[in-house]
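Residue-level structure breakdown
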Amino acid sequence: MHMNIVFVSSEVFPFSKTGGLADVAGTLPVEIGNLGNNVKVFTPKYGSINETKHGLIYQEHISEIPITVSGEIKKVHVHKAFLPNTQIEVYFIDFQPFFFRDSYYTNDIDEADRFILFSKAVLEILQRIKWKPDLIHCNDWQTGLIPLYLKDNYSWDKLFHNTASLFTIHNVGYQGQFGAETLMKAEIRFEYFNNFGEVKQNDHVNFLKTGISFADIINTVSNTYAQELLTPEFSYGMDHILNYRGHDFYGILNGVDYNIWNPSTDKHIPFNYSPEDLSGKKQNKKVLCEQFNLPYDENIPIIGIVSRLAIQKGFDLIARSLEYLSHLPFQWIVLGAGEDYFEEMFQTFANYRPEKAACHIGYNNDLAHLIEAGSDMFLMPSHYEPCGLNQIYSLKYGTVPIVRKTGGLSDTVKDWDEYKARGEETGNGFSFDKYDGFALTNSVERALNCYKNKPVWQKIMLNGMKENFSWHRSAEQYALLYKKAISKVRG
Ligand code: ADP
Ligand code: GLC
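None of these values were measured; they are calculated from a predicted model.

Rules used throughout
Residues numbered from 1 in each chain as written. Chains lettered and ligands numbered in written order. Predicted model: local features only at pLDDT ≥ 70, side-chain atom pairs only at ≥ 80, totals over all residues. Heavy atoms only, no water. Near = heavy atom within 4 Å. Polar contact = N/O pair within 3.5 Å; in protein donor to acceptor, adjacent residues only side chain to side chain. Areas by Shrake-Rupley, 256 points an atom, 1.4 Å probe, with all protein chains shown as cover. Helix = DSSP H or I, 4+ residues; strand = E, 2+ residues; numbered from the N terminus. Nonpolar A, V, L, I, M, F, W, Y, C, P; charged D, E, K, R; others polar. Domains from an automatic or database assignment. Contact = heavy atoms within 4.5 Å. Buried area = accessible area lost by both parts, 1.4 Å probe. Salt bridge = Lys/Arg side-chain N within 4 Å of Asp/Glu carboxyl O.

Description of the site of ligand 2
Contacts to ligand 2 come from 14 residues, most closely from His-170, Asn-254, Glu-385, Cys-387 and Gly-388. Between Cys-387 and ligand 2, the recorded distance is 3.0 Å, taken from a backbone N or O atom to an oxygen atom. In the complex, the protein chains occlude 93% of the 310 Å² of accessible area that ligand 2 would expose alone. The greatest single-element share of the shell around ligand 2, amounting to three residues, is contributed by helix 1 (residues 20-34). Residues of the shell around ligand 2, tallied by class, amount to six nonpolar, six polar and two charged. Formed jointly, the shell around ligand 2 draws a minimum of three residues from each of two domains, domain 1 (4-255 + 472-490) and domain 2 (279-468).

Right, dumping it as structure tokens:
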């Protein structure tokens, strides 16, 4: 059965990106398409998206769509482009007063309005183009109202009869929680707030919970995180509703686009390399050192970090261990942006020890690739990690990951066992369980020790480079969930 799938995401690579969601939204729809389905992607048109570079075309015949938000009519415009080198159409929802801001997500008072408009616009555009979806795949809180709208506000329209929804949780730490007045703004029935509280959390309207309550099927982006989300420790209050929906809740590990993240073809790095010929990696390390003004030393490993600098990512463990780490024989390079505290920490340390540490505060895709290619190790001490893509990229680049054993990090990084015979050992990285500074520094020291033994190190690198986390398998699992959701709706 071929399916008509609508994929909705608040960021889509290469048009917009703050994190892994964009990577997923830029690739999964292509793989779903390759399985023989028709897919259309919907996303906001942010001010930073370059129309000419990405070939956006204004859709005159479906523009000026009136959308009511907070009782006011907003006129929405539509542009269209394709995901690069594919026939997959991307619809850009254009309402400049909402989407031309300094960042994609804001603390502005109309944050709820922005994504109410986005969610309604998806359905209104489908009505205008008369395209009947078998399933709408919603991602994260920004799209959480769509499953409710399908079941209620827009259910009068035959176009959406039999349209199922899948809601994917990429990160439970961001929920889109707004005041109760949002019920009126979004035209949500009061009974959903009061009877069983499908949309209500802590006396607020919660968009993530709404998605979880109303979607036909729910999933998250790794098996371990799916288990973790059922517990109060990890769920940020969503464990009740997720346990309630337990039979409809699944984990599917993200894949990686090896057309983009592959050291043997990567166009962003100066020297390509492969498991058969690793020499380019050393060359990349030299370029990386030059770029960051660090002295190059073959025997001193570089630990790379490329990350949103958010508390989720475990950088408070680094803060606690900074003094100890500063005495260990490695250099580190950090690329990231986010919370002031962590930006200042990495910047201050780099100023204090310029021969040991460097950092670039900001977002830079070219540098992200160079750091993956030129570093020897990659550090992700995450407090929680739904999937995590960087450690998977690192494996492919022979950049040995050091991670905390949580969520998707558990499902992708296998701890190297120093005591097993080298030939048998399948470990591809280093991991630690306990969320404390000692456990972190202990793993770093284990990695540094192994680094000294060249054949051992090469074995760890190659174990990682041989792993295959391509999207194909995950896309097949998504297609199965789509079918499950569709048959639920059709009874
Ligand atoms: P998350 O989605 O939680 O941020 P992931 O590991 O899933 O974490 O994905 C992060 C993605 O964002 C990766 O593709 C990574 O390379 C990219 N990224 C993060 N920070 C930066 C940055 N400062 N510059 C460039 N790319 C970045
Ligand atoms: C989120 C998570 C990250 C995951 C990404 C894509 O931002 O923090 O772990 O890889 O979404 O699913």
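Moving on from the model shown.
Some remarks on the site of ligand 1
By nearness alone, 20 residues border ligand 1, and Lys-17, Gly-20, Asp-23, Arg-308 and Lys-313 come closest of all. Side-chain polar atom of Arg-308 to an oxygen atom of ligand 1: 2.7 Å apart, as the coordinates give it. Between an oxygen atom of ligand 1 and a side-chain N or O atom of Lys-313, the distance comes to 2.7 Å. The protein chains hide 93% of the 560 Å² of surface that ligand 1 would expose on its own. Secondary structure elements with two or more residues in the shell around ligand 1: helix 1, strand 14 (302-309), strand 15 (331-338) and helix 16 (390-396).

Here's the deal with the domain arrangement of the chain
How large an interface is tends to be reported as the accessible area lost when its parts come together. Segmentation of the chain into domains returns domain 1 (4-255 + 472-490) and domain 2 (279-468). The centre of domain 1, based on its C-alpha atoms, is set 33 Å off from the matching centre of domain 2. Taken together, the 21 residues of domain 1 in the interface contact 20 residues of domain 2. Between domain 1 and domain 2, the buried area comes to about 1500 Å², and carbon and sulfur atoms account for 54% of it. Run the count over domain 1 and domain 2 and you get zero salt bridges. Counting every contact that joins domain 1 to domain 2 gives ten residue pairs in polar contact (both at pLDDT 80 or more).

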